[in-house]
Each structure stands twice: as C-alpha cells, then as structure tokens.
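A look at the structure
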Amino acid sequence: MNEKALAERFNEVVLPHLGDALALARWLTGNATDAEDVVQDACIKAHAGMPGYAGGNARAWLLTIVRNTSYSWMARHRPRGMMAVGDLGDLDDIAAAHGTSLPDEDGPEASLIARADTAAVEAAIAALPHPFRETLVLRDINGLSYREIAAMLDVPMGTVMSRLARARGLLASELGRAP
C-alpha cells in the first residue's frame, strides 16, 4: 500500500472515530492530557497497522487499540495503586452528542441540580470496580455491541452481559434507585 492510499485509508477508518477514542482514553486514564497522549500513540499504532486492517467495524478496531494503548501507557507512567476515572466533560459531550444538554434555560436552580446529578453519576461510575466500569463505558457510553466488547476484552459474551448487569445494578444502587 503506497503512502497516499495509506493516508486515505487512515482518514476513512480512524479520523471519524477520534472523538470516541479520546472519550474512552479519558475514562481509562482519568484526565484529558493523558488521554491526548494515549490517543496520539494509538493513532500511530493504527497507522502502522492500517495495511493489516481487514475491514469490519472501524470504531471497535480503533477503540481496541486505544484501550490497549491506555493500559500500556499507564503501566509505564503511573504508580500501580493509582485509579483511573473519567472526566466530567465526557458526560457533557455524550449528552450533547445525543441532543440533550444541561437545562441552563430553565434557570440557575435547574442547572445546578442537573450539574449535581451529572457529578453524582460520574462519581458513581468512577466508584465501580474496574471490570464493571470498563464494560459499562464501552457499552453505554461508546455504544459497542456485546460481541465487540467480548472481542475487545477477550472474554465470553456472557461475561460481558453479566458485568454490564452488575455495573448497572451497582450504579442504580449507588444513585439511590433500587434495581
């Protein structure tokens, strides 16, 4: 594959999914600056792996690279006991992508309540055990299918479904809504 064809393929396969890649990296690394470093490394790896990309779900392929790169990056740059959590901005980005937003037009009280709810959800997601948090973020935030998550995490699909159910149950309990 010549350089021009490689660049065109990269633009078609990787660039449309950079926002999702950055959001996943933020959830895994815990902050935007580290996430940008991870996504940059992941893009370099994706570019290098482009000749071997056989097609299929480009988003899942890129997010798998981002996930693996995140863990490699954190192993090199973080103390072992450090826990990764997502950024509050991710929830705002996701809400905006789905056509919803914090209701600023309803007045300052409504806006304050909505922001407190968002912070509570972020804290509840961050408090989930790592396998549950990762599965929840990949499914409910990044919208990957059970099959894609199973392939990405190298676990059976039943494990993905179980982790997701447990994550949602723990999240609902933490937020005060019995499952």
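Of note, Asp-154 is a non-glycine position whose phi angle comes to about 60 degrees, a positive value. For Asp-154, the location among the structural elements is in the loop between helix H8 (146–153) and helix H9 (157–174). For Asp-154, a relative accessible area of 70% corresponds to the exposed category.

Here we come to the confidence of the model for the chain. Summary statistics for the chain give a mean pLDDT of 81 and a share of 77% for residues scoring 70 or more. Averaged pLDDT values over the elements of the chain bottom out at 50 in helix H5 (residues 88–97) and peak at 93 in helix H3 (residues 32–49). The low-confidence segment residues 82–88, where pLDDT is below 50, has 26 contacts with residues more than four positions distant or belonging to other chains. Predicted confidence for residues 98–104 stays below pLDDT 50, and this span has 10 contacts to residues more than four positions away or in other chains.

Turning to the environment of Met-161, a few remarks are in order. Within the secondary structure layout, Met-161 lies in helix H9. A relative accessible area of 43% means that Met-161 is categorised as partly exposed.

The next subject is the pattern of salt bridges. With the rule as written, the count across this model stands at 5 salt bridges. Among the salt bridges present, the one from Arg-76 reaches Asp-41, with a minimum N-O distance of 3.9 Å. In this pair, Arg-76 is assigned in helix H4 (residues 58–77) and Asp-41 in helix H3, connecting sequence segments 35 residues apart. For Arg-76, a relative accessible area of 55% translates into the label exposed. Two residues, Arg-168 and Asp-140, come together in a salt bridge whose shortest N-O distance is 2.5 Å. Linking Arg-168 in helix H9 with Asp-140 in helix H7 (residues 130–141), this pair joins segments that are 28 residues apart in sequence. Overall, Asp-140 belongs to the partly exposed group, its relative accessible area being 38%.

Moving on, we get to H3. At 3.6 residues per turn, the α-helix brings residues three or four places apart onto the same side. Taking 1.5 Å per residue as the helical rise, H3 with its 18 residues ought to reach 26 Å, and the 25 Å between its terminal C-alpha atoms agrees with that figure. The complete set of buried residues in H3 reads Asp-34, Ala-35, Val-38, Val-39, Ala-42, Cys-43 and Ala-46. Here H3 starts with a cap whose side-chain oxygen sits 3.1 Å from the backbone nitrogen of Thr-33, and that cap is Asn-31.

To continue, consider the nonpolar core. Ranked by size, the top nonpolar core spans 43 residues in total, and within it Val-14, Leu-24, Met-50, Val-66, Leu-136, Leu-138 and Leu-144 carry the most contacts. Among the elements of the structure, helix H1 (3–13), helix H2 (18–29), H3, H4, helix H6 (108–127), H7, H8 and H9 are those that each provide at least two residues to this core. The element best represented in this core is H4, accounting for 8 residues. Not counting residues up to four positions away in its chain, the partners in contact with Val-14 are Cys-43, Ala-46, Met-50, Trp-61 and Leu-62.

Looking now at the side chain of Thr-69. Note on placement: Thr-69 falls in helix H4. In contact with Thr-69, other than residues within four places in its own chain, are Val-38, Asp-41, Ala-42 and Lys-45.

For the structure shown, the criterion picks out 1 aromatic pair. With a centroid separation of 4.6 Å and 45 degrees between ring planes, the pair formed by Tyr-53 and Trp-61 is classed as tilted. For Arg-139, the ring lying beneath its charged end belongs to Tyr-146, and the centroid distance is 4.7 Å.

Note that Thr-29 resides in helix H2. Using a relative accessible area of 2% as the deciding quantity, one classes Thr-29 as buried. Within the structure, the side chain of Thr-29 is placed 3.2 Å from the backbone oxygen of Asn-31, a separation counted as a polar contact.

Cut-off values and rules
Residues numbered from 1 in each chain as written. Predicted model: local features only at pLDDT ≥ 70, side-chain atom pairs only at ≥ 80, totals over all residues. Heavy atoms only, no water. Helix = DSSP H or I, 4+ residues; strand = E, 2+ residues; numbered from the N terminus. Buried < 20%, exposed > 50% of the residue type's maximum accessible area, 1.4 Å probe, protein only. pLDDT = per-residue confidence, 0-100. Contact = heavy atoms within 4.5 Å. Salt bridge = Lys/Arg side-chain N within 4 Å of Asp/Glu carboxyl O. Expected span 1.5 Å × (residues − 1). Polar contact = N/O pair within 3.5 Å; in protein donor to acceptor, adjacent residues only side chain to side chain. Core = buried A, V, L, I, M, F, W, Y, C linked by side-chain atoms within 4.5 Å. Phe/Tyr/Trp six-rings, centres within 6.5 Å; stacked < 30°, edge-to-face > 60°. Lys NZ or Arg CZ within 6 Å of the ring centre and 35° of its normal.

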